[in-house]
Amino acid sequence: MEPLAVAVNGLVKRYGMTAAADGLSFEARSGEVTALLGPNGAGKTTTVEICEGYRRADAGSVRVLGRDPHDPELRTRIGVMLQSGGVPTHARAGEFLRLIASFYATPLDPAALLERLGLTASARTSYRRLSGGQQQRLALAAAVVGRPELVFLDEPTAGLDPQARHATWELVEDLKAAGVAVILTTHHMDEAERLADEVVIVDHGSVIASGPPSSLTGAERQLRFRARPGLGLDELLSALPPATIAKESPAGHYVIEGDLVPELLATVTAWCASNGVMTEDLRIERRTLEDVFLELTGRELRS
Amino acid sequence: MTDLTFSPSPGAAPRSRMIRAQTAYELRTLLRNGEQLLLILIIPVALLLLFSSAPLLDLGAGRRVDFLTPGVLALAVMSTAFTGQAIGTGFERRYGVLKRLGATPLPRSGLIIAKTLTVLAVEVLQALVICVVAAALGWSPHGNPGTVILLLLLGTAAFSGFGLLMAGTLRAEATLAAANLVYILLLALGGVIFPLTKFSGGVRSVLELLPISALADGLRQVLQHGAGFPARDLVILAVWAVLGLALAARFFSWE
Ligand SMILES: Nc1ncnc2c1ncn2[C@@H]1O[C@H](COP(=O)(O)OP(=O)(O)O)[C@@H](O)[C@H]1O
Ligand SMILES: [Mg+2]
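Calculation criteria
Residues numbered from 1 in each chain as written. Chains lettered and ligands numbered in written order. Predicted model: local features only at pLDDT ≥ 70, side-chain atom pairs only at ≥ 80, totals over all residues. Heavy atoms only, no water. Helix = DSSP H or I, 4+ residues; strand = E, 2+ residues; numbered from the N terminus. Buried < 20%, exposed > 50% of the residue type's maximum accessible area, 1.4 Å probe, protein only. Pairing = 2+ DSSP bridges. Axes fitted to C-alpha atoms, helices over the stretch in contact; angles between N-to-C directions. Near = heavy atom within 4 Å. Polar contact = N/O pair within 3.5 Å; in protein donor to acceptor, adjacent residues only side chain to side chain. Areas by Shrake-Rupley, 256 points an atom, 1.4 Å probe, with all protein chains shown as cover. Donors = N, O, S within 2.8 Å, 3.2 Å for Na, K, Ca; no water.

Let us now look at the side chain of Ser126 of chain A. Mapped onto the secondary structure, Ser126 of chain A falls in the loop between α3 (110-116) and α4 (132-144). Given a relative accessible area of 13%, Ser126 of chain A falls into the buried group.

Right under this line is the structure:
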(Lines give C-alpha, C1' and ligand atoms only; values in the text may rest on other atoms or scores of the structure.)
(Ligands and ions follow the chains in the order given, each with its own letter.)
Protein backbone atom coordinates (compact mmCIF):
# COMPACT_ATOMS: atom_id res chain seq x y z
CA MET A 1 0.00 0.00 0.00
CA GLU A 2 1.12 3.55 -0.72
CA PRO A 3 2.33 5.32 2.40
CA LEU A 4 0.10 8.05 3.75
CA ALA A 5 0.91 11.47 2.33
CA VAL A 6 1.09 12.79 5.87
CA ALA A 7 0.80 10.97 9.19
CA VAL A 8 0.90 13.08 12.33
CA ASN A 9 0.65 11.37 15.67
CA GLY A 10 0.54 12.99 19.10
CA LEU A 11 2.26 16.15 17.87
CA VAL A 12 3.29 18.57 20.63
CA LYS A 13 4.85 21.98 20.10
CA ARG A 14 5.18 24.47 22.94
CA TYR A 15 5.97 28.17 22.93
CA GLY A 16 6.56 29.09 26.53
CA MET A 17 3.25 28.54 28.31
CA THR A 18 1.19 28.03 25.13
CA ALA A 19 0.94 24.61 23.52
CA ALA A 20 0.52 25.51 19.84
CA ALA A 21 0.11 21.78 19.15
CA ASP A 22 -1.07 19.67 22.05
CA GLY A 23 -1.17 15.99 21.13
CA LEU A 24 -2.48 16.58 17.64
CA SER A 25 -3.02 13.65 15.24
CA PHE A 26 -4.32 13.34 11.70
CA GLU A 27 -3.66 11.59 8.41
CA ALA A 28 -3.78 12.78 4.81
CA ARG A 29 -3.95 10.70 1.64
CA SER A 30 -2.97 11.14 -1.99
CA GLY A 31 -5.73 12.28 -4.29
CA GLU A 32 -7.58 13.80 -1.35
CA VAL A 33 -7.97 17.26 0.10
CA THR A 34 -7.43 17.43 3.84
CA ALA A 35 -8.54 20.66 5.51
CA LEU A 36 -7.25 21.78 8.88
CA LEU A 37 -10.13 23.92 10.06
CA GLY A 38 -9.95 26.09 13.13
CA PRO A 39 -10.02 29.62 14.47
CA ASN A 40 -6.99 31.92 14.51
CA GLY A 41 -4.37 30.65 16.93
CA ALA A 42 -5.66 27.07 16.83
CA GLY A 43 -2.25 25.76 15.79
CA LYS A 44 -2.80 25.19 12.06
CA THR A 45 0.29 27.04 10.83
CA THR A 46 2.45 25.48 13.51
CA THR A 47 1.31 22.01 12.48
CA VAL A 48 1.78 22.62 8.77
CA GLU A 49 5.22 24.20 9.25
CA ILE A 50 6.36 21.21 11.27
CA CYS A 51 5.26 18.97 8.37
CA GLU A 52 7.13 21.24 5.94
CA GLY A 53 10.31 20.85 7.99
CA TYR A 54 10.49 24.49 9.11
CA ARG A 55 9.99 23.84 12.80
CA ARG A 56 10.80 20.92 15.06
CA ALA A 57 8.22 19.08 17.11
CA ASP A 58 8.73 18.81 20.87
CA ALA A 59 7.08 15.39 20.89
CA GLY A 60 5.06 13.09 18.69
CA SER A 61 5.78 11.59 15.31
CA VAL A 62 5.42 13.22 11.91
CA ARG A 63 5.92 11.38 8.61
CA VAL A 64 5.63 13.12 5.26
CA LEU A 65 5.45 10.83 2.21
CA GLY A 66 6.80 8.15 4.53
CA ARG A 67 9.84 10.22 5.50
CA ASP A 68 11.16 12.47 8.20
CA PRO A 69 10.01 16.05 7.47
CA HIS A 70 13.65 17.21 7.35
CA ASP A 71 14.65 14.76 4.64
CA PRO A 72 16.08 17.00 1.87
CA GLU A 73 14.58 14.69 -0.74
CA LEU A 74 11.13 15.94 0.27
CA ARG A 75 11.95 19.38 -1.09
CA THR A 76 11.62 18.04 -4.63
CA ARG A 77 8.32 16.32 -3.81
CA ILE A 78 6.32 18.88 -1.86
CA GLY A 79 4.94 22.30 -2.76
CA VAL A 80 4.57 25.02 -0.16
CA MET A 81 2.42 28.12 0.08
CA LEU A 82 3.24 30.06 3.24
CA GLN A 83 0.53 31.93 5.11
CA SER A 84 2.17 35.16 3.96
CA GLY A 85 5.19 36.43 2.07
CA GLY A 86 7.79 34.23 0.46
CA VAL A 87 8.17 36.33 -2.68
CA PRO A 88 10.80 39.06 -3.10
CA THR A 89 9.04 42.42 -3.28
CA HIS A 90 10.99 43.57 -6.34
CA ALA A 91 10.50 40.37 -8.36
CA ARG A 92 8.07 40.40 -11.24
CA ALA A 93 5.34 37.79 -11.11
CA GLY A 94 6.43 35.92 -14.24
CA GLU A 95 10.10 36.19 -13.39
CA PHE A 96 9.57 34.71 -9.92
CA LEU A 97 7.48 31.82 -11.19
CA ARG A 98 10.05 31.01 -13.90
CA LEU A 99 12.79 31.08 -11.24
CA ILE A 100 10.95 28.61 -9.02
CA ALA A 101 10.12 26.42 -12.06
CA SER A 102 13.81 26.29 -13.01
CA PHE A 103 14.58 24.41 -9.78
CA TYR A 104 12.57 21.39 -10.92
CA ALA A 105 13.25 18.72 -13.53
CA THR A 106 9.84 18.67 -15.23
CA PRO A 107 7.93 21.75 -14.08
CA LEU A 108 4.64 23.06 -15.40
CA ASP A 109 4.83 25.75 -18.05
CA PRO A 110 4.96 28.98 -15.98
CA ALA A 111 3.16 31.00 -18.67
CA ALA A 112 0.29 28.50 -18.84
CA LEU A 113 0.01 28.45 -15.06
CA LEU A 114 -0.12 32.26 -14.91
CA GLU A 115 -2.81 32.18 -17.56
CA ARG A 116 -4.77 29.60 -15.62
CA LEU A 117 -4.70 31.78 -12.50
CA GLY A 118 -5.58 34.97 -14.35
CA LEU A 119 -2.13 36.52 -13.84
CA THR A 120 -0.98 36.84 -17.45
CA ALA A 121 -1.64 40.57 -17.58
CA SER A 122 0.38 40.99 -14.34
CA ALA A 123 3.34 38.85 -15.42
CA ARG A 124 5.62 41.89 -15.65
CA THR A 125 4.29 43.57 -12.51
CA SER A 126 6.48 43.49 -9.42
CA TYR A 127 5.15 41.54 -6.45
CA ARG A 128 4.65 44.58 -4.23
CA ARG A 129 2.45 46.22 -6.89
CA LEU A 130 0.14 43.20 -7.20
CA SER A 131 -3.18 43.24 -5.35
CA GLY A 132 -3.45 41.03 -2.27
CA GLY A 133 -5.43 38.46 -4.25
CA GLN A 134 -2.87 38.41 -7.05
CA GLN A 135 -0.07 37.97 -4.54
CA GLN A 136 -1.89 34.99 -3.04
CA ARG A 137 -2.42 33.41 -6.46
CA LEU A 138 1.24 33.88 -7.36
CA ALA A 139 2.26 32.13 -4.15
CA LEU A 140 -0.19 29.35 -5.02
CA ALA A 141 1.27 29.03 -8.52
CA ALA A 142 4.76 28.76 -7.04
CA ALA A 143 3.57 25.96 -4.75
CA VAL A 144 2.38 23.80 -7.64
CA VAL A 145 4.74 24.70 -10.51
CA GLY A 146 7.21 21.91 -9.58
CA ARG A 147 4.53 19.22 -10.03
CA PRO A 148 4.65 18.04 -6.41
CA GLU A 149 3.04 14.92 -4.96
CA LEU A 150 1.91 16.84 -1.90
CA VAL A 151 1.08 20.51 -1.45
CA PHE A 152 0.64 22.49 1.74
CA LEU A 153 -1.52 25.59 1.35
CA ASP A 154 -1.68 27.75 4.47
CA GLU A 155 -4.85 29.83 4.24
CA PRO A 156 -4.81 29.95 0.43
CA THR A 157 -7.99 32.02 0.17
CA ALA A 158 -7.56 34.41 3.09
CA GLY A 159 -8.51 37.88 1.90
CA LEU A 160 -9.55 36.81 -1.60
CA ASP A 161 -12.59 38.17 -3.38
CA PRO A 162 -15.23 35.55 -4.31
CA GLN A 163 -13.99 35.23 -7.88
CA ALA A 164 -10.37 34.64 -6.93
CA ARG A 165 -11.55 32.25 -4.26
CA HIS A 166 -13.34 30.15 -6.84
CA ALA A 167 -10.27 30.12 -9.10
CA THR A 168 -8.28 28.77 -6.16
CA TRP A 169 -10.93 26.17 -5.36
CA GLU A 170 -10.96 24.95 -8.95
CA LEU A 171 -7.19 24.62 -8.95
CA VAL A 172 -7.34 22.60 -5.72
CA GLU A 173 -9.96 20.33 -7.29
CA ASP A 174 -7.75 19.80 -10.34
CA LEU A 175 -4.77 18.94 -8.13
CA LYS A 176 -6.85 16.40 -6.30
CA ALA A 177 -8.15 14.89 -9.56
CA ALA A 178 -4.54 14.54 -10.72
CA GLY A 179 -3.74 12.48 -7.61
CA VAL A 180 -1.94 15.17 -5.62
CA ALA A 181 -2.39 15.18 -1.86
CA VAL A 182 -3.55 18.64 -0.78
CA ILE A 183 -3.38 19.85 2.79
CA LEU A 184 -4.88 23.26 3.35
CA THR A 185 -5.71 25.33 6.38
CA THR A 186 -8.72 27.56 6.63
CA HIS A 187 -11.07 29.19 9.04
CA HIS A 188 -13.87 29.24 6.46
CA MET A 189 -16.15 26.33 7.14
CA ASP A 190 -17.79 26.66 3.73
CA GLU A 191 -14.41 26.22 2.12
CA ALA A 192 -13.71 23.07 4.14
CA GLU A 193 -17.18 21.72 3.41
CA ARG A 194 -16.89 22.38 -0.29
CA LEU A 195 -13.31 21.20 -0.90
CA ALA A 196 -12.28 18.70 1.70
CA ASP A 197 -12.51 14.95 1.64
CA GLU A 198 -11.34 14.97 5.23
CA VAL A 199 -11.88 17.82 7.66
CA VAL A 200 -9.72 18.03 10.76
CA ILE A 201 -11.20 20.51 13.21
CA VAL A 202 -8.45 21.97 15.35
CA ASP A 203 -8.84 24.03 18.49
CA HIS A 204 -6.22 24.95 21.08
CA GLY A 205 -3.66 22.69 19.44
CA SER A 206 -5.68 19.49 19.35
CA VAL A 207 -8.14 17.80 17.06
CA ILE A 208 -11.66 18.05 18.41
CA ALA A 209 -13.32 16.22 15.52
CA SER A 210 -12.34 14.81 12.15
CA GLY A 211 -13.83 12.96 9.25
CA PRO A 212 -15.52 13.59 5.92
CA PRO A 213 -17.70 16.73 6.08
CA SER A 214 -20.90 14.73 5.74
CA SER A 215 -20.05 12.47 8.65
CA LEU A 216 -19.24 15.49 10.82
CA THR A 217 -22.42 17.34 10.03
CA GLY A 218 -24.66 14.27 9.81
CA ALA A 219 -27.34 13.73 7.19
CA GLU A 220 -30.30 14.58 9.46
CA ARG A 221 -31.89 17.98 9.38
CA GLN A 222 -32.41 19.84 12.60
CA LEU A 223 -34.46 22.70 13.92
CA ARG A 224 -32.16 25.32 15.36
CA PHE A 225 -32.83 28.65 16.99
CA ARG A 226 -31.36 31.13 19.38
CA ALA A 227 -33.25 32.54 22.36
CA ARG A 228 -32.57 33.60 25.94
CA PRO A 229 -30.62 30.97 27.85
CA GLY A 230 -32.20 28.50 30.27
CA LEU A 231 -35.53 27.70 28.62
CA GLY A 232 -37.42 24.79 30.22
CA LEU A 233 -36.80 22.20 27.56
CA ASP A 234 -38.45 19.35 29.49
CA GLU A 235 -41.74 21.17 29.32
CA LEU A 236 -41.26 21.76 25.57
CA LEU A 237 -40.36 18.09 25.00
CA SER A 238 -43.53 16.90 26.73
CA ALA A 239 -45.47 18.67 23.99
CA LEU A 240 -43.43 16.97 21.20
CA PRO A 241 -43.46 13.39 19.85
CA PRO A 242 -41.62 10.91 22.12
CA ALA A 243 -38.47 10.37 19.93
CA THR A 244 -37.67 14.06 19.76
CA ILE A 245 -34.48 15.39 21.32
CA ALA A 246 -33.96 18.96 22.46
CA LYS A 247 -30.75 20.44 23.78
CA GLU A 248 -29.15 23.75 24.60
CA SER A 249 -25.50 23.92 23.58
CA PRO A 250 -23.94 26.32 24.16
CA ALA A 251 -26.10 28.57 26.31
CA GLY A 252 -28.79 30.30 24.25
CA HIS A 253 -28.36 28.00 21.21
CA TYR A 254 -31.13 25.41 20.90
CA VAL A 255 -31.24 22.31 18.69
CA ILE A 256 -34.22 20.05 18.17
CA GLU A 257 -33.76 16.71 16.42
CA GLY A 258 -36.49 14.31 15.39
CA ASP A 259 -39.14 13.92 12.77
CA LEU A 260 -39.23 17.45 11.40
CA VAL A 261 -42.84 17.61 10.21
CA PRO A 262 -44.69 20.94 9.92
CA GLU A 263 -46.65 20.22 13.13
CA LEU A 264 -43.40 20.07 15.09
CA LEU A 265 -42.43 23.54 13.92
CA ALA A 266 -45.90 24.82 14.83
CA THR A 267 -45.69 23.25 18.28
CA VAL A 268 -42.30 24.78 18.99
CA THR A 269 -43.27 28.27 17.91
CA ALA A 270 -46.61 28.05 19.76
CA TRP A 271 -44.77 26.98 22.89
CA CYS A 272 -42.37 29.88 22.51
CA ALA A 273 -45.28 32.28 22.03
CA SER A 274 -47.10 31.08 25.12
CA ASN A 275 -43.88 31.44 27.16
CA GLY A 276 -43.08 34.90 25.83
CA VAL A 277 -39.87 33.64 24.15
CA MET A 278 -38.58 35.59 21.16
CA THR A 279 -36.51 33.35 18.84
CA GLU A 280 -33.79 34.41 16.50
CA ASP A 281 -32.15 32.58 13.58
CA LEU A 282 -34.87 29.96 13.52
CA ARG A 283 -34.00 27.53 10.76
CA ILE A 284 -34.37 23.95 9.65
CA GLU A 285 -31.32 22.56 7.93
CA ARG A 286 -28.49 20.12 8.13
CA ARG A 287 -25.82 20.96 10.62
CA THR A 288 -22.95 22.94 9.19
CA LEU A 289 -19.34 22.63 10.28
CA GLU A 290 -19.93 25.98 11.96
CA ASP A 291 -22.59 24.33 14.12
CA VAL A 292 -20.33 21.40 14.85
CA PHE A 293 -17.61 23.74 16.01
CA LEU A 294 -20.04 25.74 18.09
CA GLU A 295 -21.41 22.66 19.79
CA LEU A 296 -17.98 21.25 20.52
CA THR A 297 -16.38 24.44 21.80
CA GLY A 298 -19.21 26.77 22.72
CA ARG A 299 -17.53 29.40 20.55
CA GLU A 300 -18.07 30.80 17.09
CA LEU A 301 -15.49 29.62 14.59
CA ARG A 302 -14.96 33.04 13.08
CA SER A 303 -14.41 35.16 16.12
CA MET B 1 -4.22 27.76 -23.79
CA THR B 2 -1.59 25.15 -23.10
CA ASP B 3 -2.90 22.05 -21.48
CA LEU B 4 -1.92 21.95 -17.81
CA THR B 5 -1.54 18.57 -16.23
CA PHE B 6 -1.03 18.58 -12.51
CA SER B 7 -0.16 14.89 -12.30
CA PRO B 8 2.85 14.64 -9.98
CA SER B 9 6.25 14.53 -11.62
CA PRO B 10 8.67 15.46 -8.87
CA GLY B 11 12.38 15.91 -9.40
CA ALA B 12 15.07 18.52 -8.96
CA ALA B 13 16.84 20.30 -11.79
CA PRO B 14 20.62 19.76 -11.99
CA ARG B 15 22.39 21.77 -9.31
CA SER B 16 24.33 23.85 -11.81
CA ARG B 17 21.13 24.89 -13.55
CA MET B 18 19.52 25.92 -10.25
CA ILE B 19 22.55 28.03 -9.32
CA ARG B 20 22.70 29.61 -12.76
CA ALA B 21 19.00 30.49 -12.62
CA GLN B 22 19.27 31.96 -9.12
CA THR B 23 22.36 33.98 -10.05
CA ALA B 24 20.76 35.34 -13.21
CA TYR B 25 17.66 36.26 -11.23
CA GLU B 26 19.66 38.01 -8.48
CA LEU B 27 21.74 39.96 -11.00
CA ARG B 28 18.70 41.04 -12.99
CA THR B 29 16.74 42.29 -10.01
CA LEU B 30 19.78 44.00 -8.52
CA LEU B 31 20.68 45.89 -11.69
CA ARG B 32 17.04 46.96 -12.04
CA ASN B 33 16.97 48.41 -8.54
CA GLY B 34 17.64 52.15 -8.57
CA GLU B 35 18.75 52.37 -4.94
CA GLN B 36 21.25 49.56 -5.43
CA LEU B 37 22.62 51.17 -8.60
CA LEU B 38 23.06 54.43 -6.75
CA LEU B 39 24.99 52.65 -4.04
CA ILE B 40 27.18 50.36 -6.13
CA LEU B 41 27.87 52.46 -9.20
CA ILE B 42 26.79 56.06 -9.11
CA ILE B 43 28.24 57.08 -5.74
CA PRO B 44 31.69 55.52 -6.31
CA VAL B 45 31.98 57.00 -9.81
CA ALA B 46 30.71 60.39 -8.64
CA LEU B 47 33.26 60.47 -5.80
CA LEU B 48 36.02 59.56 -8.22
CA LEU B 49 35.00 62.28 -10.66
CA LEU B 50 34.44 64.92 -8.01
CA PHE B 51 37.58 64.49 -5.94
CA SER B 52 39.96 63.83 -8.81
CA SER B 53 38.96 66.88 -10.81
CA ALA B 54 38.53 69.40 -8.00
CA PRO B 55 41.31 70.19 -5.50
CA LEU B 56 38.96 69.82 -2.53
CA LEU B 57 41.43 67.89 -0.46
CA ASP B 58 45.13 67.71 0.01
CA LEU B 59 45.77 64.14 -1.05
CA GLY B 60 49.52 64.19 -0.63
CA ALA B 61 52.16 63.83 -3.28
CA GLY B 62 51.27 62.32 -6.62
CA ARG B 63 48.28 62.76 -8.83
CA ARG B 64 44.89 62.70 -7.24
CA VAL B 65 43.41 60.06 -9.54
CA ASP B 66 46.20 57.62 -8.67
CA PHE B 67 45.41 58.04 -5.00
CA LEU B 68 41.64 57.99 -5.42
CA THR B 69 41.09 55.06 -7.78
CA PRO B 70 42.27 52.32 -5.38
CA GLY B 71 40.14 53.84 -2.62
CA VAL B 72 37.08 53.97 -4.85
CA LEU B 73 37.65 50.33 -5.88
CA ALA B 74 37.71 49.41 -2.19
CA LEU B 75 34.52 51.40 -1.66
CA ALA B 76 32.89 49.58 -4.55
CA VAL B 77 33.69 46.21 -3.00
CA MET B 78 32.30 47.33 0.35
CA SER B 79 29.11 48.72 -1.16
CA THR B 80 28.32 45.51 -3.03
CA ALA B 81 29.57 42.78 -0.71
CA PHE B 82 28.62 44.48 2.54
CA THR B 83 26.01 47.23 2.28
CA GLY B 84 24.01 46.01 -0.71
CA GLN B 85 24.14 42.37 0.29
CA ALA B 86 23.24 43.04 3.91
CA ILE B 87 20.21 45.15 3.01
CA GLY B 88 19.03 42.90 0.17
CA THR B 89 19.40 39.68 2.12
CA GLY B 90 17.97 41.26 5.27
CA PHE B 91 14.75 42.13 3.50
CA GLU B 92 14.62 38.71 1.80
CA ARG B 93 14.77 37.17 5.22
CA ARG B 94 12.15 39.54 6.58
CA TYR B 95 9.68 38.79 3.75
CA GLY B 96 10.09 35.03 4.09
CA VAL B 97 11.92 34.67 0.78
CA LEU B 98 14.81 32.73 2.28
CA LYS B 99 12.28 30.56 4.10
CA ARG B 100 10.29 29.93 0.93
CA LEU B 101 13.41 29.09 -1.08
CA GLY B 102 14.25 26.60 1.66
CA ALA B 103 11.23 24.57 0.56
CA THR B 104 12.49 24.29 -3.03
CA PRO B 105 15.16 21.91 -4.31
CA LEU B 106 17.72 24.78 -4.35
CA PRO B 107 20.03 23.89 -1.44
CA ARG B 108 21.19 26.58 0.96
CA SER B 109 24.74 26.14 -0.27
CA GLY B 110 23.46 26.76 -3.79
CA LEU B 111 21.78 29.97 -2.69
CA ILE B 112 24.99 31.19 -1.00
CA ILE B 113 27.00 30.32 -4.12
CA ALA B 114 24.51 32.22 -6.29
CA LYS B 115 24.74 35.25 -4.01
CA THR B 116 28.53 35.12 -4.10
CA LEU B 117 28.58 34.81 -7.89
CA THR B 118 26.23 37.78 -8.09
CA VAL B 119 28.50 39.89 -5.88
CA LEU B 120 31.54 38.92 -7.97
CA ALA B 121 29.78 39.68 -11.26
CA VAL B 122 28.69 43.07 -9.98
CA GLU B 123 32.22 43.80 -8.79
CA VAL B 124 33.61 43.00 -12.23
CA LEU B 125 31.13 45.46 -13.69
CA GLN B 126 32.05 48.10 -11.07
CA ALA B 127 35.77 47.61 -11.64
CA LEU B 128 35.33 47.98 -15.39
CA VAL B 129 33.37 51.21 -15.08
CA ILE B 130 35.70 52.66 -12.45
CA CYS B 131 38.83 51.73 -14.41
CA VAL B 132 37.44 53.25 -17.61
CA VAL B 133 36.51 56.49 -15.84
CA ALA B 134 39.87 56.55 -14.04
CA ALA B 135 41.72 55.94 -17.30
CA ALA B 136 39.85 58.85 -18.86
CA LEU B 137 41.06 60.96 -15.93
CA GLY B 138 44.63 59.96 -16.66
CA TRP B 139 45.07 57.09 -14.19
CA SER B 140 48.27 55.10 -14.58
CA PRO B 141 48.12 51.88 -12.51
CA HIS B 142 51.15 49.81 -11.50
CA GLY B 143 51.75 46.46 -9.93
CA ASN B 144 50.75 42.84 -10.31
CA PRO B 145 47.08 42.27 -11.28
CA GLY B 146 47.16 38.94 -9.44
CA THR B 147 47.85 40.70 -6.13
CA VAL B 148 45.08 43.18 -6.88
CA ILE B 149 42.62 40.34 -7.48
CA LEU B 150 43.72 38.58 -4.29
CA LEU B 151 43.10 41.78 -2.31
CA LEU B 152 39.69 42.26 -3.89
CA LEU B 153 38.68 38.66 -3.21
CA LEU B 154 39.78 38.77 0.43
CA GLY B 155 37.99 42.10 0.85
CA THR B 156 34.86 40.60 -0.70
CA ALA B 157 34.99 37.63 1.66
CA ALA B 158 35.42 39.89 4.69
CA PHE B 159 32.60 42.25 3.74
CA SER B 160 30.28 39.42 2.69
CA GLY B 161 30.79 37.67 5.99
CA PHE B 162 29.78 40.73 8.00
CA GLY B 163 27.02 41.70 5.57
CA LEU B 164 25.43 38.27 5.88
CA LEU B 165 25.98 38.23 9.64
CA MET B 166 24.00 41.46 9.92
CA ALA B 167 21.29 40.32 7.50
CA GLY B 168 20.89 37.00 9.26
CA THR B 169 20.71 38.26 12.83
CA LEU B 170 19.16 41.74 12.94
CA ARG B 171 15.69 42.90 11.99
CA ALA B 172 15.57 44.17 8.39
CA GLU B 173 15.03 47.79 9.46
CA ALA B 174 17.95 47.59 11.86
CA THR B 175 20.11 46.09 9.13
CA LEU B 176 19.11 48.89 6.77
CA ALA B 177 20.07 51.55 9.29
CA ALA B 178 23.22 49.86 10.53
CA ALA B 179 24.52 48.91 7.09
CA ASN B 180 24.15 52.49 5.88
CA LEU B 181 25.75 53.88 9.03
CA VAL B 182 28.71 51.52 8.78
CA TYR B 183 29.06 52.41 5.11
CA ILE B 184 29.26 56.13 5.84
CA LEU B 185 31.61 55.68 8.80
CA LEU B 186 33.96 53.43 6.88
CA LEU B 187 33.81 55.75 3.88
CA ALA B 188 34.85 58.64 6.09
CA LEU B 189 37.34 56.87 8.37
CA GLY B 190 38.75 54.12 6.17
CA GLY B 191 41.18 56.01 3.95
CA VAL B 192 38.92 55.75 0.92
CA ILE B 193 39.07 59.42 -0.07
CA PHE B 194 40.52 61.14 2.98
CA PRO B 195 44.02 59.81 3.65
CA LEU B 196 44.57 58.25 7.09
CA THR B 197 47.67 60.44 7.44
CA LYS B 198 45.26 63.20 8.45
CA PHE B 199 44.58 61.40 11.72
CA SER B 200 46.86 61.41 14.73
CA GLY B 201 49.13 58.42 15.26
CA GLY B 202 47.08 56.55 17.88
CA VAL B 203 43.75 56.89 16.11
CA ARG B 204 45.40 56.12 12.84
CA SER B 205 46.91 52.81 13.97
CA VAL B 206 43.43 51.67 15.04
CA LEU B 207 41.76 52.84 11.83
CA GLU B 208 44.39 50.98 9.82
CA LEU B 209 43.00 47.73 11.18
CA LEU B 210 39.58 48.29 9.57
CA PRO B 211 38.87 46.05 6.59
CA ILE B 212 38.14 49.04 4.37
CA SER B 213 41.48 50.66 5.32
CA ALA B 214 43.39 47.45 4.70
CA LEU B 215 41.72 46.99 1.32
CA ALA B 216 42.18 50.62 0.25
CA ASP B 217 45.75 50.73 1.50
CA GLY B 218 46.65 47.37 -0.03
CA LEU B 219 45.26 48.40 -3.40
CA ARG B 220 47.08 51.74 -3.15
CA GLN B 221 50.39 50.05 -2.29
CA VAL B 222 50.14 47.94 -5.40
CA LEU B 223 48.34 50.15 -7.91
CA GLN B 224 49.85 53.50 -6.91
CA HIS B 225 53.30 52.50 -5.66
CA GLY B 226 53.85 49.20 -7.48
CA ALA B 227 54.42 47.21 -4.26
CA GLY B 228 54.75 43.44 -4.71
CA PHE B 229 52.91 41.95 -1.77
CA PRO B 230 51.17 44.13 0.87
CA ALA B 231 51.44 41.40 3.49
CA ARG B 232 50.12 43.36 6.46
CA ASP B 233 46.94 44.41 4.62
CA LEU B 234 46.39 40.90 3.27
CA VAL B 235 46.68 39.44 6.77
CA ILE B 236 44.23 42.01 8.21
CA LEU B 237 41.72 41.21 5.47
CA ALA B 238 42.15 37.46 5.93
CA VAL B 239 41.47 37.77 9.66
CA TRP B 240 38.32 39.82 9.04
CA ALA B 241 37.21 37.33 6.38
CA VAL B 242 37.62 34.29 8.62
CA LEU B 243 35.95 36.07 11.53
CA GLY B 244 33.00 37.38 9.50
CA LEU B 245 32.30 34.16 7.64
CA ALA B 246 32.62 32.04 10.79
CA LEU B 247 30.23 34.31 12.73
CA ALA B 248 27.77 34.36 9.83
CA ALA B 249 27.89 30.57 9.50
CA ARG B 250 27.32 30.23 13.23
CA PHE B 251 24.57 32.82 13.81
CA PHE B 252 22.75 33.31 10.52
CA SER B 253 19.07 32.52 10.97
CA TRP B 254 17.02 31.92 7.83
CA GLU B 255 13.67 33.04 9.22
N1 LIG C 1 7.04 31.23 16.65
C2 LIG C 1 6.16 31.36 17.65
N3 LIG C 1 6.52 31.87 18.83
C4 LIG C 1 5.64 31.99 19.84
N5 LIG C 1 4.37 31.60 19.78
C6 LIG C 1 3.93 31.08 18.64
C7 LIG C 1 4.79 30.93 17.51
N8 LIG C 1 4.08 30.36 16.51
C9 LIG C 1 2.84 30.18 16.98
N10 LIG C 1 2.74 30.61 18.26
C11 LIG C 1 1.52 30.55 19.08
O12 LIG C 1 0.96 29.27 18.91
C13 LIG C 1 -0.44 29.35 18.76
C14 LIG C 1 -0.86 28.76 17.44
O15 LIG C 1 -0.42 29.61 16.38
P16 LIG C 1 -0.60 29.21 14.85
O17 LIG C 1 -0.04 27.87 14.61
O18 LIG C 1 -0.04 30.33 14.06
O19 LIG C 1 -2.18 29.18 14.70
P20 LIG C 1 -3.12 29.30 13.41
O21 LIG C 1 -2.28 29.10 12.20
O22 LIG C 1 -4.13 28.22 13.59
O23 LIG C 1 -3.75 30.65 13.46
C24 LIG C 1 -0.81 30.81 18.92
O25 LIG C 1 -1.18 31.02 20.26
C26 LIG C 1 0.47 31.52 18.59
O27 LIG C 1 0.55 32.75 19.28
MG1 LIG D 1 -2.05 30.34 10.59
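A word on the sheet that holds strand β4 (residues 59-64) of chain A. Backbone-to-backbone hydrogen bonds join strands into a sheet, with any given pair of strands oriented parallel or antiparallel. Residues and elements named next belong to chain A. In space, the three strands of this open sheet follow the order β2-β1-β4, with antiparallel pairing throughout. Here the strands that pair on one side only, and so sit at the sheet edges, are β2 (18-28) and β4. Averaged over neighbouring strand pairs, the angle between their axes works out to 25 degrees when direction is ignored. The sheet contact formed by strand β1 (residues 6-15) and β2 spans eight bridges and is antiparallel.

Moving on, we come to the site of ligand 1. All names here are of chain A. Residues in contact with ligand 1, as listed here, are Tyr15, Ala20, Pro39, Asn40, Gly41, Ala42, Gly43, Lys44, Thr45, Thr46 and Arg55. With respect to ligand 1, the side chain of Thr45 contributes an N or O atom lying 2.7 Å from an oxygen atom. Note that a nitrogen atom of ligand 1 is positioned 3.3 Å from one of the side-chain N or O atoms of Arg55. Against a free-state accessible area of 560 Å², the protein chains account for coverage of 62% of ligand 1. Looking at which element gives the most residues to the shell around ligand 1, the answer is helix α1 (residues 44-51), with three residues.

The next point concerns the coordination of the magnesium ion (ligand 2). Residues and elements named next belong to chain A. Around the magnesium ion (ligand 2), the donor atoms from the protein are Thr45 (OG1) and Gln83 (OE1), and they sit 2.0 to 2.2 Å away. Here Thr45, found in helix α1, pairs with Gln83, found in the loop between β5 (78-81) and α2 (93-101); they are 38 residues apart in sequence, far enough to count as distant. Relative accessible area serves as the criterion here: at 19%, Thr45 is assigned to the buried category. What makes Gln83 partly exposed here is its relative accessible area of 36%.

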